[in-house]
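# Structural description and commentary
Below are the chains, spelled out letter by letter.
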Amino acid sequence: MVPGEGECAMGKRKDQNIGEPEGSRKKKKKQVVTPRPACSWVHFSRDFIKEYSASHPESSGLKAATKAASDAWKLMGPEEKAKYTTRAREVWDKYLSSAPARAPKPRRQTKLVTRCSPGRLLNVLQQLTPDQKEAVKSMGFGSILGLRCRTLRRSLCLWLLERFNTVRRSLEICGERIPLTPRDVELVMGLPASGKDVVNSGSDELILELRKRYNATNRGISVRLLEERLAAPEAGEDFKRSFVLYVMGTLLCPTARLDVSPSFLHFLTNMDVLHQYNWGKFLLDRLVREISRFRQGKQRAVGGCLLFLQLFYYESVAVGAAYESAPVAFPCLFSWGEEEISEREKQEKELGGYGSGEVVCMERGLGMGSLGYKAQTDSMPLRAVEPMQELSHAQDMEDQEYEDTFTEQEHAHTDSIEGNVACAEIEVVAGSGEVPCGNIKYGCTEIVDYSKKGDHEEACPYAPCTCPLRNCNVVDSSKQLSSHFSSKHWDSGRRFQYDSPLRVSLSKKETFLVLQAEKDGVLFLLSKGTQSIGHNVVITCIGPSSSKECFLYDVISEKGSSSLRLKSFAHSFPGRVEGLPPVDFLLVPFSYLGSSGQLDLETCIWSPTEPGSE
């Protein structure tokens, strides 16, 4: 018999298998990977379920015990959870020290995928009513209204992403390393780089009602739903919250998803404090986080504000000589529309591509008056740029290892370097005769003889003053500080009119009250100290100590038919007055305090007069 085709094929397969060791066709075993440590909730639930099962033998199984553990966890306070949080952190630290470093997945990207969509936001901005625009400004997002760029240059963004160091938070381009700070976000996007940290996490119960209102699912909040809400003419709290969500999801902090992250609802529960947040730090932190996740292969799309990265490059790298006569614009967001970007792209192409220009990295706009780039280069550099050195493979691995533990103190150190460069440069040119005032970054444009530099700075009206609020570290000229307080801390003081009595009250724990004049915005500080028999009260003006303006004031404390009064001049100090004031003050005995320990006063600050006049 002649074997069929099927039998011949079977015979060939048998012949091929002869000589193969037994079990060679078995699947290879997967490499054993050390599991990631459990979180604090898991540590708690393990202990709770054991105790619950022992004390509830009638329980219907693990599901009921887990439900009881979840309910108990939600009712626990931070102090009660600290025990399990500490345990989880110790296990995590041990895991990091023993587990081998995991190499990131290689990613070859030829096309940029991102949810950052300035054009979509621009369409919404063009439909806002005047009342809605005023509401946007009241939240501290007024700079977004000046958006002119509609599209991202994706090839440029890809080029920048390849050169973005997430550990050092810097761009490594043109042979130099340019650090990025929240201050750069303020210069480019116009968002504040000081204030409280934005916290977008917390208990789900706090935002449960908001999640229902915005139909939030596990995927997020629908962008189309937000667009429909923003199309309504109302400009109340619901509009403000919808606008911030939309801006976060389409421009400032987009994630890899199409919808807006519901975690943003955590900092939108109280809309009255929205203007007090440090949005510059938040935007930069999210950008670094999203780029890191993309490089690790955890997401296909690139999140974060890529528009900031693009505009920062345009402002940091000069192409040709077109920048010499460019006017100062703050924020830089206002300077770049489609025409300007197209012209810039054309110049880059003629020079040979991205990175062919010169790194200038000048801080533009803040405190510079009408100075352009050329005038700034004639005075002094305002940013530290490090020459980029070749890094070894070991150094690259070290950067990767510390990527998640890079501390804020190192960023603050970078900021201090930037601020000290100006001082170092002035010392270099000290022998040249004339030097700029040391308060140039606060707005002074005077060029003085080096021998008279100290005398000028003592009398300079742009001498730095500090914000009187304890949780704010802003330092600026007295004029700019008044604007800062009006926009960022408008609800933290009292406004008054010159020559008009004003009744104020300081609680038992309050040590000062900020008063701001409605006419000219000048800031005053009503300070309360404590002595053995009562409180000392004094009013000072926040400004340079050499200020020539004199403000006469009255402060009165009453108890029944008795009264105590102080009439004096408000001396100028560049910040808060600590301890016993070095000027006249009113001593109010404890018997004059109210039933709750509050100090009730009547004050009157008179219009400014010339020194020596009554």
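Residues numbered from 1 in each chain as written. Predicted model: local features only at pLDDT ≥ 70, side-chain atom pairs only at ≥ 80, totals over all residues. Heavy atoms only, no water.

### Quick look at the overall build of the protein
Applicable threshold: A run of H or I in DSSP counts as a helix once it spans at least four residues, and a run of E counts as a strand once it spans at least two, with each numbered from the N terminus. Classification of residues uses two cut-offs on accessible area relative to the type maximum, computed with a 1.4 Å probe and protein chains only: under 20% is buried, over 50% is exposed, and between them is partly exposed. Throughout, a contact is declared for two residues whenever any of their heavy atoms are within 4.5 Å. Calculation of accessible area relied on Shrake-Rupley with a 1.4 Å probe; when residues are assessed, cover is drawn exclusively from the protein chains displayed.
Each helix and strand in the protein was counted, giving 19 helices and 20 strands. Put simply, the protein has 614 residues, and 43% of those count as buried. If you take every contact in the protein between residues at least 6 apart in sequence, the share linking residues at least 24 apart comes to 69%. Put simply, the protein shows about 34,000 Å² of open surface, and 51% of that area lies on carbon and sulfur atoms.

### Digging into the pattern of salt bridges
As a reminder, the rule being used: When a carboxyl oxygen of Asp or Glu is within 4 Å of a side-chain nitrogen of Lys or Arg, the pair counts as a salt bridge.
For the structure shown, the criterion picks out 16 salt bridges. K137 is paired through a salt bridge with E134; the nearest N and O atoms lie 3.8 Å apart. Linking K137 with E134, this pair stays in helix α6 (residues 130–138), spanning 3 residues, or about one helical turn. Assessed through its relative accessible area of 48%, K137 is described here as partly exposed. Overlapping salt bridges bring together R169, K281 and D285 as one network.

### Structural notes on the confidence of the model for the protein
Counted only if it meets this: Each residue carries a pLDDT value, the predictor's own confidence for that position, ranging from 0 to 100.
Of the residues in the protein, 77% reach a pLDDT of 70 or more, and the chain-wide mean stands at 78. Taken together, the stretch residues 16–20 has pLDDT below 50 and engages in 2 contacts with residues farther than four places along the chain or on a different chain. Segment residues 362–384: pLDDT under 50, and 63 contacts once partners within four positions in sequence are set aside and those in other chains are kept.

### What to know about helix α7 (residues 154–162)
Where α7 is concerned, the buried positions are L156, C157, L158, W159, L160 and L161. Of the surrounding secondary structure, the elements contacted by the buried residues of α7 are β1 (164–165), β2 (170–173), α12 (279–295), α13 (306–316) and α14 (338–351).

### What about the nonpolar core?
Basically, it comes down to this: Here, nonpolar core refers to any group of buried Ala, Val, Leu, Ile, Met, Phe, Trp, Tyr and Cys residues whose side-chain atoms link them within 4.5 Å.
Membership of the largest hydrophobic core comes to 81 residues, with the highest contact counts inside it found for F141, L252, F267 and F308. If near-sequence neighbours (up to four positions away) are discounted, L252 is found in contact with F141, I144, M189, L191, V247, L283, G304 and C305. Core analysis: the next-biggest nonpolar cluster, separate from the first, contains 28 residues, V504, L526, L593 and I605 among them.

### Here we look at the sheet that holds strand β20 (residues 599–605)
The criterion, for reference: Only strands that DSSP links by at least two bridges are regarded as paired with each other. Note on geometry: axes are lines fitted to C-alpha atoms, helical ones only across the stretch in contact, with angles between N-to-C directions running from 0 to 180 degrees.
The strand order β12-β20-β16-β17 describes an open sheet built from 4 strands, whose pairing is antiparallel. Pairing within the sheet leaves two strands with one partner each, and these edge strands are β12 (502–506) and β17 (562–569). Within the sheet, the average angular offset between the axes of one strand and its neighbour, ignoring direction, is 25°. Summarising the sheet, β12 and β20 pair through 5 bridges and their orientation is antiparallel. Pairing of S505 across the sheet is with D600, part of β20.

### Thoughts on the packing of aromatic side chains
We count it as follows: Note on aromatic contacts: the rings of Phe and Tyr and the six-membered ring of Trp form a pair at centre separations within 6.5 Å, being stacked when their planes are under 30 degrees apart, edge-to-face when over 60 apart, and tilted otherwise. Two thresholds decide whether a charge sits over a ring: the Lys NZ or Arg CZ must be within 6 Å of the ring centre and within 35 degrees of the ring normal.
Taken as a whole and judged by the stated rule, the model has 24 aromatic pairs. Look at W41 and F44: their rings are 6.2 Å apart centre to centre, the planes differ by 40°, and that puts the pair in the tilted class. A residue pair is termed a helical-turn pair when its members lie 3 or 4 positions apart in one helix, as W41 and F44 do in helix α2 (residues 40–55) at 3 residues. Between F267 and F282, the aromatic rings sit 5.8 Å apart at their centres with planes inclined by 75°, giving edge-to-face as the arrangement. On the criterion of sequence distance, the pair formed by F267 in the loop between α11 (237–252) and α12 and F282 in helix α12 is long-range, its members being 15 residues apart. According to the relative accessible area criterion, F267 is buried, its value standing at 2%. Since its relative accessible area comes to 7%, F282 is described here as buried. In textbook terms, an aromatic cluster arises when at least three aromatic residues are bridged by ring pairs, as seen for W41, F44, F48, Y52, W73 and Y84. Looking at R229, its charged tip hangs above the ring of Y214, at a distance of 4.4 Å from the centre.

### Structural notes on the packing of helix α5 (residues 118–125) against α11
Put simply, the rule is: Throughout, the term roughly parallel applies to angles under 35 degrees, roughly antiparallel to angles over 145, roughly perpendicular to angles from 65 to 115, and oblique to all others. By definition, turning the near helix anticlockwise from the far helix through less than a right angle yields a left-handed crossing, and turning it clockwise yields a right-handed one. Note that Gly is not counted as nonpolar here; it falls among the polar residues with everything else outside the nonpolar set of Ala, Val, Leu, Ile, Met, Phe, Trp, Tyr, Cys and Pro and the charged set of Asp, Glu, Lys and Arg.
Running from amino to carboxyl end, α5 crosses α11 at an angle of 155°, the nearest separation of the two axes being 8 Å. Considering their axes alone, α5 and α11 lie roughly antiparallel with respect to each other. Helix-helix and strand crossings are classified by hand; for α5 and α11 the assignment is left-handed. On α11, the residues that touch P118, R120, L121, V124 and L125 of α5 are F243, Y246, V247, T250 and L251. Across the contact of α5 with α11, the residue classes tally to 8 nonpolar, 1 polar and 1 charged.

### Quick notes on the pairing of strand β19 (residues 586–589)
Remember that side chains alternate between the two faces of the sheet whenever the strand is regular. Alternating positions in β19 separate cleanly, L586 and V588 being buried on one face and L587 and P589 remaining unburied on the opposite face. Across 4 bridges, the pairing between strand β15 (residues 534–542) and β19 is antiparallel. The partner of H535 across the bridge, within β19, is V588.

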